[in-house]
Amino acid sequence: MARSKRSTKLDSRGARLALPAEERHLDPLQPGQYVIYQRPKSKAAGSWLARSYDPETRKQRQIKLGIADDYADANGKDVLKQPQ
């Protein structure tokens, strides 16, 4: 089942920039699948990551989706809005 509500702490630039740096902020999509926002300590733009867990192999997989639109407008290629 897909999530029905977006996270307010990740929804806007201002909300994301108010989050502590160097921490990962997880937003669950469905069991074992998450969108992660991570902002570096350097105060540069954060990154969007995807994490999934395979219960059969008991392995997690994480990939970088792109840079967050913290300072530049999203272009749909390398600078992304909050994934939906």
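In the block above lies the structure referred to throughout.
Residues numbered from 1 in each chain as written. Predicted model: local features only at pLDDT ≥ 70, side-chain atom pairs only at ≥ 80, totals over all residues. Heavy atoms only, no water.

A. Representation of the overall build of the chain. Each helix and strand counted, the chain has one helix and five strands in total. Tracing the chain from N to C terminus, the helices and strands come up as α-β-β-β-β-β. In terms of overall size, the chain behaves like a compact globule, its C-alpha atoms giving a radius of gyration of 13 Å where 84 residues would be expected to give roughly 12 Å. With the C-alpha coordinates aligned to their principal axes, the bounding extent of the chain is approximately 40 × 25 × 25 Å. For the chain, with 84 residues in total, the buried portion stands at 29%. Within the chain, contacts between residues at least 6 apart in sequence are counted, and of these 29% link residues at least 24 apart. Carbon and sulfur atoms provide 50% of the accessible area of the chain, an area that totals close to 5800 Å². (Helix = DSSP H or I, 4+ residues; strand = E, 2+ residues; numbered from the N terminus. Rg over C-alpha atoms; globule rule 2.2 N^0.38 Å. Buried < 20%, exposed > 50% of the residue type's maximum accessible area, 1.4 Å probe, protein only. Contact = heavy atoms within 4.5 Å. Areas by Shrake-Rupley, 256 points an atom, 1.4 Å probe, with all protein chains shown as cover.)

B. Up close: the packing of aromatic side chains. Per the stated rule, a full pass over the model turns up one aromatic pair. One residue, arginine 16, lies across the ring of tyrosine 37, its end atom 5.7 Å from the ring centre. (Phe/Tyr/Trp six-rings, centres within 6.5 Å; stacked < 30°, edge-to-face > 60°. Lys NZ or Arg CZ within 6 Å of the ring centre and 35° of its normal.)

C. Fine view of the sheet that holds strand β1 (residues 24-30). Taken in spatial order, the five strands of this open sheet run β1-β2-β3-β4-β5, and their pairing is mixed. The sheet terminates laterally at β1 and β5 (79-80), the two strands that pair on one side only. (Pairing = 2+ DSSP bridges.)

D. Representation of the pairing of strand β4 (residues 59-68). By the bridge criterion, eight bridges tie strand β3 (residues 47-54) to β4 in an arrangement that is antiparallel. Looking across to β4, one finds that serine 47 is bridged to isoleucine 67. Relative to β5, β4 is paired through two bridges, and the arrangement is parallel. Paired with alanine 68 across the bridge in β5 is leucine 80.

E. Fine view of the side chain of arginine 39. Structurally, the position occupied by arginine 39 is in the loop between β2 (33-38) and β3. For the buried arginine 39, which has no salt bridge, the nearest side chain bearing the opposite charge is aspartate 70, at an N-O separation of 6.0 Å. At 2.6 Å, the side chain of arginine 39 forms a polar contact with the backbone oxygen of leucine 19. Setting aside anything within four residues of it in sequence, one finds arginine 39 in contact with Arg16, Leu17, Leu19, Pro20, Ala21, Glu22, Glu23, Ala44 and Gly46. (Lys, Arg positive; Asp, Glu negative; His and termini not counted. Salt bridge = Lys/Arg side-chain N within 4 Å of Asp/Glu carboxyl O. Polar contact = N/O pair within 3.5 Å; in protein donor to acceptor, adjacent residues only side chain to side chain.)

F. Quick look at the environment of leucine 26. Within the fold, leucine 26 resides in strand β1. Setting aside residues up to four positions removed in sequence, leucine 26 forms contacts with Lys9, Tyr34, Val35, Ile36 and Arg51.

Honestly, that's just the spatial picture; any functional story needs more than this.
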